[in-house]
Amino acid sequence: MIKYVKEATDFLLSRIASHLEIGVITGTGLGGLTDRMERGIQIPYEDIPHFPISTIEGHRGTLVSGTLAGRFVLAMEGRFHLYEGYSLQEVTIPIRIMSKLGIKYLFISSAAGGLNFHFNQGDLMIVTDHMNFTGSNPLIGPNIDEFGPRFPDMSKIYDSALIKLAKQQSLKLGIDLKQGVYAGVMGPSLETPAETRFLRMIGADAVGMSTVPEVIVGAHCGLRIAVIVVITNINMPDCMKETSIEEVISTANSASPVLADLWENIINALPE
Ligand code: HPA
């Protein structure tokens, strides 16, 4: 792992700006934020040593460096999921690489199903905590001490100052930003009504097939993390509707400009 991260980092360091501060991951249908960047270099994932390749619809598969609101950003347009057949180590290697490249903040967006009764399709939710239901953990195996400790604390992964900033900026923009707990599952099958009822009962507000492995590795590396998800569909166990990938992508696409506004404002308001 150390060798792979080093080779990828050396490859990227020779091509992109130093002083990177912010790592961004855009998920399904949510590439709008990177369209706002003053783009420097963009590199297809397949050119980066040891980088996995996105295999699914709605994900671009490019690493973009540039600036946004005057800050140096490295953005992944498209991410990797367990359900594509990647291991947790593969899904999360980009986070370790970004951390070695010097980013301090990790900003993640993804699509999620809404479980909270007060949520509507298209809502944005800032994640305040998560539950790992992937059945595994990306930190299994020998600990790499140069990244972080064997038993990393997970009591405050979602940075409270960033949550506050997101709430302030959403108020300014007139966005009704929801907040809640994200349950990360493996997928690719969606939840049954019984699973949906269970997730609601135990306190999850949204459910999705990404984010949690990336956040665990980001927290292990000591990054300051904020996650905003788009509620692309509402899951009600007693009148479960079918969810299709078309619906998820189209809701994500519609929410993408508002989400991009919010991230841009957050980045603009970050302390120097
Ligand atoms: N369940 C899991 N993942 C998802 C969903 C969902 O309902 N919607 C978007 N990603």
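Calculation rules
- Residues numbered from 1 in each chain as written.
- Predicted model: local features only at pLDDT ≥ 70, side-chain atom pairs only at ≥ 80, totals over all residues.
- Heavy atoms only, no water.
- Helix = DSSP H or I, 4+ residues; strand = E, 2+ residues; numbered from the N terminus.
- Expected span 1.5 Å × (residues − 1).
- Bend = angle between axes of the 7 residues up to and from the residue.
- Near = heavy atom within 4 Å.
- Polar contact = N/O pair within 3.5 Å; in protein donor to acceptor, adjacent residues only side chain to side chain.
- Areas by Shrake-Rupley, 256 points an atom, 1.4 Å probe, with all protein chains shown as cover.
- Nonpolar A, V, L, I, M, F, W, Y, C, P; charged D, E, K, R; others polar.
- Axes fitted to C-alpha atoms, helices over the stretch in contact; angles between N-to-C directions.
- Parallel < 35°, antiparallel > 145°, perpendicular 65-115°, else oblique.
- Left-handed = near helix turned anticlockwise from the far one by under 90°.
- Contact = heavy atoms within 4.5 Å.
- Phe/Tyr/Trp six-rings, centres within 6.5 Å; stacked < 30°, edge-to-face > 60°.
- Buried < 20%, exposed > 50% of the residue type's maximum accessible area, 1.4 Å probe, protein only.
- Pairing = 2+ DSSP bridges.
- Core = buried A, V, L, I, M, F, W, Y, C linked by side-chain atoms within 4.5 Å.

**Q** Now, about helix α7 (residues 245–269): what can you tell me, with residues and values included?
**A** Each α-helix winds once per 3.6 residues, and so residues spaced three or four apart point in a common direction. The end-to-end C-alpha separation of α7 is 34 Å, in line with the 36 Å expected for 25 residues at 1.5 Å each. Maximal helix bending in α7 amounts to about 45°, located at S256; proline P257 follows within four positions.

**Q** Lay out the site of the ligand with the relevant residues and their values.
**A** In the vicinity of the ligand, the residues found are A111, A112, G113, L190, E191, V207, G208, M209, T232, N233 and N235. Take N233: an N or O atom from its side chain is 2.7 Å from a nitrogen atom of the ligand. Measuring from an oxygen atom of the ligand, one finds a side-chain N or O atom of N235 at 3.0 Å. Notes on the ligand: free accessible area 260 Å², of which the protein chains cover 94%. For the shell around the ligand, the secondary structure elements donating two or more residues are β5 (105–114), β8 (206–208) and β9 (224–234). When residues of the shell around the ligand are assigned to their parent elements, the largest contribution, 3 residues, is made by β5. Of the residues belonging to the shell around the ligand, the class tally is 5 nonpolar, 5 polar and 1 charged.

**Q** I'd love a proper account of the packing of helix α1 (residues 2–13) against helix α3 (residues 88–100), names of residues and values included.
**A** A pair of packed helices is captured by two measures, namely the crossing angle of their axes and the spacing between those axes. Relative orientation of the contacting elements α1 and α3 amounts to 55°, with a least axis distance of 9 Å. When the axes of α1 and α3 are compared, the pair comes out oblique. The two elements α1 and α3 cross, and the hand of that crossing is right-handed. Residues Y4, V5, A8, T9 and L12 of α1 lie in contact with α3, whose contacting residues are I93, R96, I97 and K100. Looking at the contact of α1 with α3 residue by residue, the class counts come to 6 nonpolar, 1 polar and 2 charged.

**Q** Outline the packing of aromatic side chains, supporting the account with residue identities and numerical values.
**A** Per the counting criterion, the structure on display carries 7 aromatic pairs. Seen from their ring centres, Y45 and F51 are 5.0 Å apart, and the 45° between their planes marks the pair as tilted. Across this residue pair, the class does not change: Y45 and F51 are buried. An angle of 65° between the planes, with centres 6.1 Å apart, marks the rings of F133 and F198 as edge-to-face.

**Q** Which residues make up the pairing of β9, and what are the values?
**A** The buried fraction of β9 amounts to 9 of the 11 residues, a majority that puts the element mostly inside the structure. Two elements, β5 and β9, share 10 bridges in a ladder whose sense is parallel. Note on β9: the bridge partner recorded for S110 is V229. Alignment of strand β6 (residues 124–133) against β9, held across 3 bridges, turns out to be antiparallel. By the bridge assignment for β9, L124 is matched with V230.

**Q** So what about the environment of E77? Which residues, and what values?
**A** Following the sequence through the fold, E77 ends up in strand β4 (residues 71–77). Using a relative accessible area of 3% as the deciding quantity, one classes E77 as buried. In sequence terms E77 and P149 are 72 residues apart; their C-alpha atoms lie 29 Å from each other. Residues contacting E77, with those up to four places away along its chain left out, are T26, T34, R39, Y45, R60, G61, T62 and V64. Among the polar contacts made by the side chain of E77, one reaches the side chain of T34 at a distance of 2.5 Å.

**Q** Could you give an account of the nonpolar core, naming the residues involved and the relevant values?
**A** In terms of nonpolar packing, the biggest core is built from 80 residues, with L12, I48, L106, F107, L124, I225 and I228 touching the most fellow members. Examining the composition of this core, we find that 8 residues originate from one element, α7, more than from any other. What I48 contacts, discounting residues up to four positions off in sequence, is A8, F11, L12, I43 and L63.

Function-wise, these values are silent; they only describe arrangement.
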